[in-house]
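Next come the chains, spelled out residue by residue.
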Amino acid sequence: MLSRQRLFWRLHPYDLPGSDRIFLRACRDNCAYHIRRCPGYAAICERLGFSPGQLQTPEDLAKIPVIPTLFFKRKTLFSMPRRRMAMEVTSSGTSGKYSRIGFDWGSILAEAPMVVNLGFRHHLVSARPAHCVILGYKPHKSNHTGVTRTMFGLSHFSPPLGRTYALQMVDGGYVPDLDAVAAALKRLERAHFPTRVIGFPSYLWFGLKRMEELGLQVKLPRGSRVILAGGWKQHSAQEVDKGTLYALADRVLGIPEENINELFGAVEHPVFYNTCRRHHFHIPAYGRVIIRDPDTLEPLPMGRVGLVNLISPLMCATPTLSVMTDDLGYLTPGRDCGCGIQSPYLTILGRVGMSGIQTCAAGAAELLGKGEAF
Amino acid sequence: MIFANGGLLPDSERRAVLDGLEARLNDVRAGPPLRAETVIAAVDALGKRLEAGEFAPLLTQFLPAGVGLEELLPLLRREALEAKLAAELGPDPFGVRDRPRTAAHVLPQGVLFHIAPGNMPGLPVYTVLEGLLTGNINLLKLPHGDKGLSLAALRLLTEQEPRLAPYIYAFDLPSGRREDMKALADLADALVTWGGDGAIEAARALAGPGCRLIEWGHRLSFAYVSGYEDREGELSALAGHIVETGQRLCSSCQVIFLDSEDREAGLAFCREFLPHLERAAAGRSGAGAGAAASLSGHTALLERIVDGREAGEALFRGRGCSVVFRPDRELELSPMEGNVLVKLLPRQALLPTLRRQKGRLQTAGLICEPGRRGELVGLLARAGLTRITRAGTMSAAFPGEAHDGEYPLRRYLRVVDVER
């Protein structure tokens, strides 16, 4: 699968037109690979009348069968034996159900240059060591979630001096301890090296609100950064706009807005989306985004709100070539941003209310991942 | 948190509360009984304060977004509670009944242990309320994810009427605490469980032989079409019901069964019904309202393809909804959210087919010629359905109706026969 490596080792991460040819080639190869190796995927392509040869222009990408992430929560599809995979990762299972996605060694080889390339581009990489405060899960052998691995991985953009975690495993379950985080931040104010606060935006918000309530304000050393990942998940009801959150971070931590990065990605689509200096997620050359009509799933033109369909030929162990999240969002032309990046940017508006609140139809709770044995 | 004697205690007190619980429960049992009137007066007064908006800030804090109490409030009125008692237990429910040689006294079961699921806000409090109306002591296992609504409601209730305090205990037990769950089940005369198959099975494993099981499990419902009284009106009412409930309720229509053996007639029905469903779906509000329907419909299609079970099916996709013709006859869960299944089920096959789903059957929305209604109602009732309604009102609440074929309050009582 050389086409994939050629795509991911490209040096111009936001040149979409320049990468179209190799992107299409890599998608054709990836699709053909899954059709050969995964009978379930082959059946889907056959029934929906799709074959890789139909991919000739960027518009043709919309023809690839789209698999909702919801599908991967109910069924596991693999295109290689598990012993040949590098690892198996799960989504966070906010709704109670999670996807199981296999990563092949080739996908890791391809991801590495993408992450390094974009890390430099967005000033995440630094040779200066930093203390890490992780507003997320402390890794544990029972935790296979992608977001935990991502946050741990992010702490390596500069040499890590130590890590403090907001969510610790206690008695087999994760328990938040925001007061410990607040104490650590107070201590790190006087450190010689900068601090990197990495984590869920929801926990940053709750943590900073708590510090403000306690009258705790710190001025972290120059060069300190906030890196947000994972979205608001189960706390989406309390979501605040970025401006409010960033102003609070400046007030309580002394980290200015330009030192705050946000990341976007999904276990089913592990492409490294970064915010630009105007806090927009521009589409990198390793992926393409199609917005689809919520009522018909047909592609929508630029600017219209719909379901977010993510396409990338990154993965060989699981057929995630074209996946649809349960997020609603829209695309804006890159030139409207003003940051200089020309590729369109994606705005996520929030999650579709899939599971409703009341369920008592037999089997519905189990299907929606709301089943609880008690 | 733990709720005991009208107050909140931290979870660290759980051991101490559980250790002393048996003695406390026995003390309450030995004392004078709790009268239904005490409960009714307290609930009615609290309901009025709720209606007046006294607790609005508290409710917005605890209720999930988009959920109001509009449906719950009428149930808390004195008239509604008295009507419920009368409908389920008859006039003078707690009076002594004279028999030839005995007198029959009606008493509460004693201690009810309620296990309520988290997907219906208000249900944990409602099940406790049914227990209180019948004079029982109630132990409640709070659902995982109850953010405090139930505890706040129970606290308000006991503040309103302190005499209720000894009759209510609530525990925020993690599911893993089997030992504590077992301890509570051992103290109970009956275990009241709500929820899906998983919850019911777990409850059965928990209740010892001396503890009676009262199960309110999940159900499936369908519409049955055998001719029409008002073709357009009935189909459009059914479509409205399907979209409105999102097919998530026990009483929601999952499958439309047609009294026919003709596949072509089935496909023609799908084509006819789709525009009705589309019109109902177009009435949903909010951006991307059809997204849930499209996602679950498309996911279900892919699942069927991967499982190789899609042969013979026909998919009629509409805007924000779909109608799926399936060639088998089984009652099953649909993909929900406005994606309804259509199957052929001729009258003569109805009873044997539905019997395979015994214990899960709930509502049949019946569409038929007026002259055949009586006969079909009889057939559906004998097949095991517990509610038979018109098509558009499958999920409507009817005053005085039973719960899955039973009157719950009767199950929370027992009869003591005393020889004269």
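Our structure is the block above this text.
Below is a summary of the structure that appears in this document. (Residues numbered from 1 in each chain as written. Chains lettered and ligands numbered in written order. Predicted model: local features only at pLDDT ≥ 70, side-chain atom pairs only at ≥ 80, totals over all residues.)

A word on the overall build of chain B
How we decide: Under the DSSP-based scheme used, a helix requires at least four consecutive residues in state H or I and a strand at least two consecutive residues in state E, with every element numbered from the N terminus. Radius of gyration: C-alpha atoms only; globule rule: 2.2 Å multiplied by the number of residues to the exponent 0.38. Residue burial here comes from a neighbour count, namely the number of other C-beta atoms, placed from the backbone, that lie within 10 Å of the residue's own C-beta, with 20 or more meaning buried, 12 or fewer meaning exposed, and in between meaning partly exposed. Here contacts are defined at the residue level, using C-beta atoms placed from the backbone and a cut-off of 7 Å between them.
Assigned secondary structure in chain B consists of 14 helices and 17 strands. Its C-alpha radius of gyration of 24 Å places chain B within 12% of the 22 Å reference for a compact globule of 420 residues. Looking at chain B as a whole, 42% of its 420 residues are labelled buried. Counted over contacts in chain B with a minimum sequence separation of 6, partners at least 24 positions apart contribute 74%.

Section: the overall build of chain A
The helix and strand inventory of chain A stands at 10 helices and 15 strands. The C-alpha atoms of chain A give a radius of gyration of 21 Å, which matches the 21 Å a tight globule of 374 residues would have. With the C-alpha coordinates of chain A rotated into their principal frame, the extents come out at 60 × 50 × 40 Å. Within chain A, buried positions represent 49% of all 374 residues. Residue pairs in contact within chain A that sit at least 24 positions apart in sequence constitute 69% of those at least 6 positions apart.

A few points about helix α8 (residues 201-213) of chain A
All names here are of chain A. Which entries qualify depends on this criterion: Multiplying 1.5 Å by the residue count of a helix minus one yields the expected span of that helix.
The end-to-end C-alpha separation of α8 is 18 Å, in line with the 18 Å expected for 13 residues at 1.5 Å each. Within the span of α8, buried status applies to Pro 201, Ser 202, Tyr 203, Leu 204, Trp 205, Gly 207, Leu 208 and Met 211. Buried residues along α8 sit against β4 (130-137), β5 (160-170), α7 (178-188), β7 (195-199), β8 (225-228) and α9 (242-253). Gly 215 sits one or two positions beyond α8 and adopts a positive phi of about 75°.

Quick look at the packing of helix α1 (residues 14-30) of chain B against helix α7 (residues 178-187) of chain B
Residue and element names in this part refer to chain B. Threshold: Whenever a helix is involved, its axis is fitted only over the stretch in contact; in every case the axis is a line through C-alpha atoms, and angles between N-to-C directions fall within 0 to 180 degrees. Here roughly perpendicular refers to angles of 65 to 115 degrees, roughly parallel to angles under 35, roughly antiparallel to angles over 145, and oblique to all remaining angles. Think of it as three bins: nonpolar holds Ala, Val, Leu, Ile, Met, Phe, Trp, Tyr, Cys and Pro, charged holds Asp, Glu, Lys and Arg, and polar takes everything else, Gly as well.
Interhelical geometry of α1 versus α7 gives an angle of 10° and a closest axis separation of 11 Å. Regarding the angle of α1 to α7, the classification is roughly parallel. Residues Arg 14, Leu 18, Leu 21, Glu 22 and Leu 25 of α1 form the contact with α7, whose participating residues are Asp 180, Ala 183 and Leu 187. Residue composition of the contact of α1 with α7, grouped by class: 5 nonpolar, no polar and 3 charged.

Focus: the packing of helix α9 (residues 231-245) of chain B against helix α10 (residues 263-282) of chain B
Residue and element names in this part refer to chain B. For clarity, the cut-off: By convention the crossing between two helices is left-handed if the near helix lies anticlockwise of the far one by an angle smaller than a right angle, and right-handed if it lies clockwise.
Running from amino to carboxyl end, α9 crosses α10 at an angle of 50°, the nearest separation of the two axes being 8 Å. Between α9 and α10, the angle is such that the two are oblique. Here α9 and α10 pass one another in a crossing that is right-handed. Side by side, α9 and α10 meet where Leu 235, Ser 236, Ala 239, Gly 240, Ile 242 and Val 243 of the first sit next to Phe 273, His 276, Leu 277, Arg 279, Ala 280 and Ala 281 of the second. Considering only residue class, the contact of α9 with α10 consists of 8 nonpolar, 3 polar and 1 charged.

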